[in-house]
Amino acid sequence: MRRIYTGKTKDVCALDDGNYLLKFKDDVTGENGVFDPGANTVGLTIEGAGRAGLRLTKHFLEILEEKGIPTHYIDANVEEATMTVKPAEVFGNGLEVICRYRAVGSFLRRYGMYDKEGQPLDAFVEFPLKDDSRQDPPITEDALVVLGIMSSEEYREVKNLARKIGAIIKEELAKKGIELYDIKFEFGRVGEDRKIALIDEISGGNMRAYKDGKYIEPLMLEKLILDA
Ligand SMILES: Nc1ncnc2c1ncn2[C@@H]1O[C@H](COP(=O)(O)OP(=O)(O)OP(=O)(O)O)[C@@H](O)[C@H]1O
Ligand SMILES: [Mg+2]
């Protein structure tokens, strides 16, 4: 086993059989000790956060697999906070895909002249580049194509998948009386045929969820969804 990447919240190792092992850490993103899923720095360490994030990720990825959505998931070991996945080729040096149902976070900061906090956004999809030094700038389809990051066909497919997956997660949360405001995904090309699949994680740190109009912290969200 060989570590190939040290991330902010996970480490990536290459296994002898060619698959990857994602190791979920207890570090979470935020600033000045306050959790913020949109932040680009590790803000704090919470005992058990890695395992909680993995439990929720396993839960959602298994639901998605059952529904026929292509993902990188193979299996998970919650005790060890590790998940075995198929290796993917990411778009460019990494691309995020956000599906938004209500205006919060960076969308609100950017377009504050025109929108109000919590305003409905009708499954709006945007593509921020993973570029911490430039605060993850959102990029258009034309720019993705002209820069050779992805093709138009891939853009359409990723956008459709993000809406489809977002709707499934939104419905799962709604079963617990929780409303999904936004969610962040990553996609990649998997296998010899470079088929587009959902990669990375779907944990509390990747979404903003509200109950009775109040924001729910990731660890609480994981409890509300997984503990009956
Ligand atoms: N199946 C996969 N194949 C290849 N890379 C993957 C796969 N799944 C996840 N990754 C990558 O593994 C890394 C996990 O690290 P981590 O979640 O800590 O994020 P990061 O890149 O440091 O930054 P960010 O917090 O912005 O996500 C990410 O770069 C992600 O793109
Ligand atoms: Mg990440």
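Residue indices follow the written sequence of each chain, beginning from 1 at its first position. Chains and ligands are labelled sequentially in the order written, the chains with letters from A and the ligands with numbers from 1. The predicted origin of the model limits local features to residues at a pLDDT of at least 70 and limits the giving and counting of side-chain atom pairs to 80 or more, whereas totals for whole chains, interfaces and linings rest on all residues.

Going by an unreviewed UniProt entry, the protein chain carries the name phosphoribosylaminoimidazolesuccinocarboxamide synthase and comes from Thermacetogenium phaeum. Comment text from UniProt for the protein chain, heading Catalytic activity (unreviewed entry), reads "5-amino-1-(5-phospho-D-ribosyl)imidazole-4-carboxylate + L-aspartate + ATP = (2S)-2-[5-amino-1-(5-phospho-beta-D-ribosyl)imidazole-4-carboxamido]succinate + ADP + phosphate + 2 H(+)". UniProt positions are given in the numbering used here, feature names are shortened, and annotations may be inferred rather than shown by experiment. Under the heading Pathway (unreviewed entry), UniProt records this for the protein chain: "Purine metabolism; IMP biosynthesis via de novo pathway; 5-amino-1-(5-phospho-D-ribosyl)imidazole-4-carboxamide from 5-amino-1-(5-phospho-D-ribosyl)imidazole-4-carboxylate: step 1/2."

Student: With reference to specific residues and values, describe the pairing of strand E15 (residues 207–211).
Tutor: Strands pair, by our definition, only if DSSP identifies at least two bridges between them. Strands are runs of DSSP state E lasting at least two residues, helices are runs of H or I lasting at least four, and both sets are numbered from the N terminus onward. Of the pairings in the sheet, the one linking strand E13 (residues 179–190) to E15 comprises four bridges and is antiparallel in character. Residue pairing for E15: Leu 180 is matched across the bridge by Ala 209. If you look at the hairpin formed by E15 and strand E16 (residues 214–216), you'll find two residues sitting between the two strands, and Asp 212 has a positive phi there, around 50°.

Student: With reference to specific residues and values, describe the packing of helix H1 (residues 49–66) against helix H5 (residues 218–226).
Tutor: Helix axes are fitted to C-alpha atoms over the stretch in contact, other axes to C-alpha atoms as well, and angles between N-to-C directions run from 0 to 180 degrees. Two numbers describe how H1 lies on H5: the axes approach to 10 Å, and their chain directions differ by 45°. Of the possible angle classes, the one that applies to H1 and H5 is oblique. You can see that H1 and H5 cross each other, and the crossing is left-handed. In contact with Ala 49, Ala 52, Arg 55, Leu 56 and His 59 of H1, H5 contributes Leu 219, Glu 222, Ile 225 and Leu 226. Throughout, the term roughly parallel applies to angles under 35 degrees, roughly antiparallel to angles over 145, roughly perpendicular to angles from 65 to 115, and oblique to all others. Each helix crossing is assigned a hand: it is left-handed if the near helix lies turned anticlockwise from the far helix by less than a right angle, otherwise right-handed if that turn is clockwise. Residues are scored as being in contact if the C-beta atoms we place from backbone atoms lie within 7 Å.

Student: Lay out the sheet that holds strand E8 (residues 82–85) with the relevant residues and their values.
Tutor: Read across the open sheet, the five strands follow the order E1-E2-E3-E8-E7; overall the sheet is antiparallel. Here the strands that pair on one side only, and so sit at the sheet edges, are strand E1 (2–6) and strand E7 (73–77). Here the strands of the sheet are splayed against their neighbours by 25° on average, with no regard to which way each runs. Note: strand E3 (residues 20–24) against E8, four bridges, orientation antiparallel.

Student: Describe the sheet that holds strand E5 (residues 34–35), with residues and values.
Tutor: Strand pairing in a sheet relies on backbone hydrogen bonds. The paired strands run either parallel or antiparallel. Read across the open sheet, the three strands follow the order E5-E4-E6; overall the sheet is antiparallel. Lying at the two open borders of the sheet, with one neighbouring strand each, are E5 and strand E6 (42–45). Two strands pair when backbone bridges link them, and strand E4 (residues 27–31) and E5 are joined in this way by two bridges, in the antiparallel orientation. Within E5, the position partnered with Glu 31 by the bridge is Val 34.

Student: Describe the site of ligand 1, naming the residues involved and giving the relevant values.
Tutor: Here, nearness means that the C-beta atom of a residue, built from backbone geometry, sits within 6 Å of the molecule or strand in question. Close to ligand 1 lie 20 residues, the nearest being Gly 7, Lys 8, His 72, Ala 88 and Ile 199. Side-chain classes follow a simple rule in which Ala, Val, Leu, Ile, Met, Phe, Trp, Tyr, Cys and Pro form the nonpolar group, Asp, Glu, Lys and Arg form the charged group, and the remainder, Gly included, forms the polar group. Of the residues contributing to the shell around ligand 1, the split by class is eight nonpolar, six polar and six charged. Each domain's extent was defined by an automatic or database domain assignment. Each of domain 1 (2–87) and domain 2 (89–226) contributes no fewer than three residues to the shell around ligand 1.

Student: Account for the domain arrangement of the protein chain, with residues named and values stated.
Tutor: Parsing the protein chain into structural domains produces domain 1 (2–87) and domain 2 (89–226). Inter-centroid distance (C-alpha atoms) of domain 1 to domain 2 is 16 Å. Taken together, the 26 residues of domain 1 in the interface contact 30 residues of domain 2. Elements represented by at least two residues in the side of domain 1 that touches domain 2 include exactly E4 and H1. Broken down by element, the residue count for the side of domain 1 that touches domain 2 peaks at 11 residues, all from H1.

Student: Quick one: what's the story with the environment of Met 1, residue by residue and with numbers?
Tutor: Structurally, the position occupied by Met 1 is in the segment before E1. In this structure the C-alpha to C-alpha distance between Met 1 and Gly 205, which are 204 residues apart in sequence, comes to 27 Å. Setting aside residues no more than four positions away along its own chain, Met 1 makes contact with Cys 13, Leu 15 and Leu 21.

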